[in-house]
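Chain by chain, the residues run as shown.
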Amino acid sequence: MSAHWIALRLGDTAPTTAPVPSDPLAALAWRVLQVTPWVAQVDDALVFDISASERLFGGRAALLEHLGLSGAHTGAVYWAQGATSLLALGRLAGVPPGTCTPFPPRGPDMVPEIAADALPLHALTSARPHLPTLARLGCHTWGQLRALPRGGLARRFGADVLAALDQAYGLRPDIYPWIRVPEVFDAPLELAAQVESAPALLFGARRLLAQLLAWLRARQLGVQRLELRWELDARRGNAQHLDAHHQGSDHGRLELHTAQATQDMRHLERLLGEQLARVRLPAPVLYLRLRSLATQALPTESQSLLPDSVRSGDSLHQMLERVSARCGAAQVLCAQVYADHRPERMQQWQTWSGAPAPVQPHRKPAAADSAADASGALYPTWLLATPQRLLSQRSGPQFHGPLTLLVGPRRLEAGWLDGESSVLRDYFVARSARHGLLWIYRQRLGSGDPDGTQDWYLHGYFA
Amino acid sequence: MTAAQAQQAFSIHPSAEEALDGLHAQVWRAHAWARASLHTVATGEALLDAQLPGGGWPVGALTELLQEAGVHNEWRLLLPALAQHGSGPVVLVGPPHPPFAPALLAQGLQSQRLLCLCPGAFAMDTARKATPLAPASCLWATEQALRCAAVDTVVAWLAQVRPHELRRLQLAAAEHHKLLFVVRSLQAQHEASPAVLRLKLSLNDQSHVCVEVLKRRGPPVADLVQWAARPAALQQLLAAHGAPERPPLAQMPPARQMRQRP
């Protein structure tokens with residue numbers, strides 16, 4: 001099967017609000033790699049051979065359509081095609097700039113194809129240094145150049161002109177250093193102007209994220225951890241600056257974590273925005289660098305025949321990550337229940353991490369069927385983090401007025417194995433006129449109290 | 001035609017009235033409350049259900065609970081509905097104390113479902129000091145939770161909140177169809193509120209819950225609804241220890257007295 005080459009060149013980017021990838025040609029190449037492995041960059045254009053993939057995608061037109069839809073480049077892309085890569089390139093360069101054909105192609109007759117012999121000589125890169133000489137010879141098209149004697153041509157203009165001509169006419173194979181998608185994403189970006197405030201870095205970071213998206217799509221991955229680095233202007237004295245993001249050197253960094261691997265750049269952008277809002281830059285920044293630290297293969301979504309009832313809104317992971325990015329990790333807690341007799345050790349509120357919470361050593365997590373445990377209903381629904389000491393009078397403990405002891409004592413003697421956290425308590429259910437039922441306890445004698453008095457503590461509310 | 005016959009002819013048969021109700025579901029009659037396709041979750045207490053439009057907590061609307069400052073009796077009121085409604089996370093925004101997960105588990109709310117946002121008022125261990133957040137952050141977190149697809153219920157303790165902020169929460173709850181409770185102090189009783197349902201919680205001398213419906217979509221309610229609102233095991237324990245559990249006769253209308261829980 002004869003080869004079919006396509007050449008693509010980026011036009012000017014249209015002014016849009018969508019972020020432009022930091023390296024649009026590489027992003028485009030990664031997109032093209034989804035349909036063919038034979039992609040190369042020649043000058044400022046991409047060339048690729050689609051002949052081997054045409055059947056898989058259901059014909060040339062379908063393949064081009066697939067390529068045109070599979071990702072959105074914000075600016076115009078021009079294209080041309082031919083039997084060899086240099087012919088396609090020549091057709092792309094041979095027409096005046098205004099009359100290039102935009103990609104993706106529309107309509108059945110896609111490109112008015114110029115015959116190879118009629119292509120102007122400036123469309124052949126290796127002939128460009130010799131254009132004035134050739135013009136004086138009366139030689140303006142590829143056909144005229146090819147008609148010259150080969151020996152004289154090679155002696156006069158060098159072997160590479162002849163080689164390029166042969167390659168363009170299919171007499172030599174098209175071999176290039178092929179583009180591969182890198183294993184790890186690591187892209188630098190030079191900012192257009194010095195950036196003084198950290199939130200303004202987000203504009204540059206958005207372009208890097210757009211590039212990251214192209215990379216993730218090409219490798220069918222989702223990202224879990226990312227690192228954003230910025231280089232500080234070396235002329236300012238910033239070597240002593242130390243905080244969470246700057247370690248005294250001339251660059252700063254922050255890491256983004258997501259609980260689930262994602263390709264959702266809007267979510268990453270919001271996370272990054274929240275993180276950057278808390279960064280203080282000691283000096284202006286001119287360079288950014290985005291690196292992927294951990295990625296995971298992303299399963300593609302299966303498309304259901306029936307419309308299922310999808311609830312609108314964000315996913316739980318995204319919501320909790322956003323809250324912890326903005327308010328701090330300590331502000332998102334989940335409960336872990338442990339099997340213990342001491343109420344304060346029966347549960348722990350720990351920071352949410354996405355994964356199932358790590359179980360602490362020496363503490364046994366409660367079995368899931370402990371709901372059947374009837375004693376659970378006898379516990380208060382609010383448990384104070386630290387028991388509150390109550391004023392006690394002769395009539396008994398006081399808490400916003402006198403308390404009436406209703407039930408008790410229920411003796412608790414536990415934790416003696418743990419040494420200092422052993423408890424010796426008598427629990428009572430008491431009634432307060434204002435607060436309703438309370439869970440209070442009396443520290444028992446011999447529990448190590450120096451003055452030997454009995455202390456009353458409030459431990460929970462039956463709310 | 002005798003008078004008795006005439007009366008029979010013009011009075012509408014009960015079953016006919018039901019049919020009329022079905023036909024004219026869109027017509028609201030002033031003596032009835034608005035029923036228009038309210039999605040509700042039963043409160044777990046028939047006495048209270050009878051007072052609420054649609055027979056339960058409204059889903060996709062803001063319910064406001066007002067209590068005396070410093071008193072928090074909301075679990076007794078909310079737990080049956082929280083345990084029953086959905087299986088997704090129950091997000092608590094800014095709770096005043098740490099909820100005790102084993103007790104909630106015993107009443108049907110699994111601890112895996114509990115999520116605490118902005119627990120500014122308590123820090124469980126001294127190593128991790130969670131500083132109280134600004135009210136604006138709590139509001140923001142509440143709204144984020146409402147906009148999350150997986151969340152079923154949001155309970156928010158909002159100390160300082162203005163009516164337009166509540167309105168924003170009400171709209172978010174309506175858009176994403178969430179059960180939303182906002183717990184505030186009693187000082188807010190006379191402020192304007194966009195809440196669909198406003199309840200005032202208090203305790204009687206038996207420490208039973210008394211609920212006064214301040215606002216609902218329907219005619220005003222005159223009397224209090226009160227019941228024990230405790231798990232059966234605790235109720236039995238109190239009875240065994242001789243705590244008097246007689247219903248407060250003075251405040252109960254006779255019809256409701258019959259339906260008083262033992």
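Preceding block: the structure.
Residues numbered from 1 in each chain as written. Chains lettered and ligands numbered in written order. Predicted model: local features only at pLDDT ≥ 70, side-chain atom pairs only at ≥ 80, totals over all residues. Heavy atoms only, no water.

Some points on unusual backbone geometry
Logical step 1: Despite not being glycine, His400(A) has its phi angle at roughly 55°, a positive value.
Logical step 2: Positive phi, normally seen in glycine, also occurs at Ser207(B), with a value near 60°.
Logical step 3: One can find Ser207(B) in the loop between strand E8 (197-203) and strand E9 (209-215).
Logical step 4: For Ser207(B), a relative accessible area of 2% translates into the label buried. (Helix = DSSP H or I, 4+ residues; strand = E, 2+ residues; numbered from the N terminus. Buried < 20%, exposed > 50% of the residue type's maximum accessible area, 1.4 Å probe, protein only.)

Focus on the sheet that holds strand E17 (residues 436-443) of chain A
Residue and element names in this part refer to chain A.
Logical step 1: Read across the sheet, five strands follow the order E12-E18-E17-E16-E15 without closing on themselves; strand pairing throughout is antiparallel. Every other strand in the sheet has two partners, leaving strand E12 (382-389) and strand E15 (404-414) as the edge strands with one partner each. Across the sheet, the axes of successive neighbouring strands diverge by a mean angle of 25°, strand direction being ignored.
Logical step 2: Here E15 runs beside strand E16 (residues 423-432); their pairing, made up of eight bridges, is antiparallel. Its bridge partner lying in E16, alanine 414 is registered against valine 423. (Pairing = 2+ DSSP bridges. Axes fitted to C-alpha atoms, helices over the stretch in contact; angles between N-to-C directions.)

Digging into the interface of chain B and chain A
Logical step 1: Between chain B and chain A, the residue contacts involve 65 residues of the former and 55 residues of the latter.
Logical step 2: Summing both sides of the interface, chain B and chain A together bury roughly 5,200 Å²; the carbon and sulfur share of this comes to 65%.
Logical step 3: Our count for the contact surface shared by chain B and chain A stands at one salt bridge.
Logical step 4: For Glu68(B), the salt bridge goes to Arg434(A), with nearest N and O atoms at 2.8 Å.
Logical step 5: At the boundary of chain B and chain A, one finds 13 residue pairs in polar contact (both at pLDDT 80 or more).
Logical step 6: Sorting the residues of the side of chain B that touches chain A by element identifies helix H4 (74-84), helix H5 (101-106), strand E5 (114-117), helix H6 (135-146) and helix H8 (232-240) of chain B as the ones contributing at least two each.
Logical step 7: Of the residues forming the side of chain B that touches chain A, the biggest block, six residues, is contributed by H5(B).
Logical step 8: Of the residues contributing to the side of chain B that touches chain A, the split by class is 42 nonpolar, 14 polar and nine charged.
Logical step 9: Sheet topology note: the strand E10 (residues 332-337) of chain A/E5(B) ladder contains three bridges and is antiparallel. What sits directly across from Val332(A), in E5(B), is Leu117(B). (Contact = heavy atoms within 4.5 Å. Buried area = accessible area lost by both parts, 1.4 Å probe. Salt bridge = Lys/Arg side-chain N within 4 Å of Asp/Glu carboxyl O. Polar contact = N/O pair within 3.5 Å; in protein donor to acceptor, adjacent residues only side chain to side chain. Nonpolar A, V, L, I, M, F, W, Y, C, P; charged D, E, K, R; others polar.)

Quick word on the packing of helix H3 (residues 85-94) of chain A against helix H7 (residues 159-168) of chain A
Residue and element names in this part refer to chain A.
Logical step 1: In the contact formed by H3 and H7, the axes pass within 6 Å of each other and the chain directions differ by 95°. Classified by the angle their axes make, H3 and H7 are roughly perpendicular. Contacts between H3 and H7 involve Ser85, Leu86 and Leu87 on the former and, on the latter, Ala164, Gln167 and Ala168.
Logical step 2: In the contact of H3 with H7, the residues fall into four nonpolar, two polar and no charged. (Parallel < 35°, antiparallel > 145°, perpendicular 65-115°, else oblique.)

Looking at the packing of helix H6 (residues 150-157) of chain A against H7(A)
Residues and elements named next belong to chain A.
Logical step 1: Where H6 contacts H7, the axes come no closer than 6 Å and their chain directions differ by 130°. Compared by their axis directions, H6 and H7 come out oblique. Where H6 approaches H7, its residues Arg150, Leu153, Ala154 and Phe157 are matched on the opposing element by Ala159, Asp160, Val161, Leu162, Leu165 and Asp166.

Quick look at the pattern of salt bridges
All names here are of chain A.
Logical step 1: Counted by the stated rule, this structure contains 25 salt bridges over all chains.
Logical step 2: The partner of aspartate 166 in a salt bridge is arginine 150, with the nearest N and O atoms 2.9 Å apart. Residue aspartate 166 is located in helix H7, and its partner arginine 150 is located in helix H6; the two are separated by 16 residues in the primary sequence.
Logical step 3: By relative accessible area, arginine 150 is classed as partly exposed at 44%.
Logical step 4: Here arginine 289 ties to aspartate 186 by a salt bridge, and the two come within 2.9 Å at their closest N and O atoms. Taken as a pair, arginine 289 in strand E9 (residues 285-297) and aspartate 186 in strand E6 (residues 186-195) lie far apart in primary sequence, 103 residues in all.
Logical step 5: Residue classification places arginine 289 among the partly exposed positions, given a relative accessible area of 34%.
Logical step 6: Where salt bridges share partners, they join Arg225, Glu227, Arg229, Arg253, Glu255 and Arg291 into one cluster.

Considering the nonpolar core
Logical step 1: Membership of the largest hydrophobic core comes to 59 residues, with the highest contact counts inside it found for Leu8(A), Leu201(A), Leu212(A), Trp230(A) and Leu272(A).
Logical step 2: Tallying contributions element by element places helix H8 (residues 201-219) of chain A first for this core, with 10 residues.
Logical step 3: Domain assignment of the residues forming this core places at least three in each of domain 1 (5-168) and domain 2 (186-297) of chain A.
Logical step 4: Those residues in contact with Leu201(A) that sit more than four places away from it in its chain are Leu191(A), Val195(A), Trp230(A), Leu276(A), Leu281(A), Val285(A) and Leu288(A).
Logical step 5: If you look at the next biggest cluster of nonpolar residues, it comprises 52 residues, including Leu390(A), Val59(B), Leu92(B) and Leu104(B). (Core = buried A, V, L, I, M, F, W, Y, C linked by side-chain atoms within 4.5 Å. Domains from an automatic or database assignment.)

With respect to helix H10 (residues 316-327) of chain A
Residue and element names in this part refer to chain A.
Logical step 1: Compared with an ideal rise of 1.5 Å per residue, which puts 12 residues at 16 Å, H10 spans 16 Å between its outermost C-alpha atoms and is within 8% of the ideal.
Logical step 2: Within H10, nine of the 12 residues are buried, which leaves it mostly tucked inside the rest of the structure.
Logical step 3: Listed in full, the buried residues belonging to H10 are Gln318, Met319, Leu320, Glu321, Arg322, Val323, Ser324, Ala325 and Cys327.
Logical step 4: Phi turns positive one or two residues past the end of H10, at glycine 328, with a value near 105°. (Expected span 1.5 Å × (residues − 1).)

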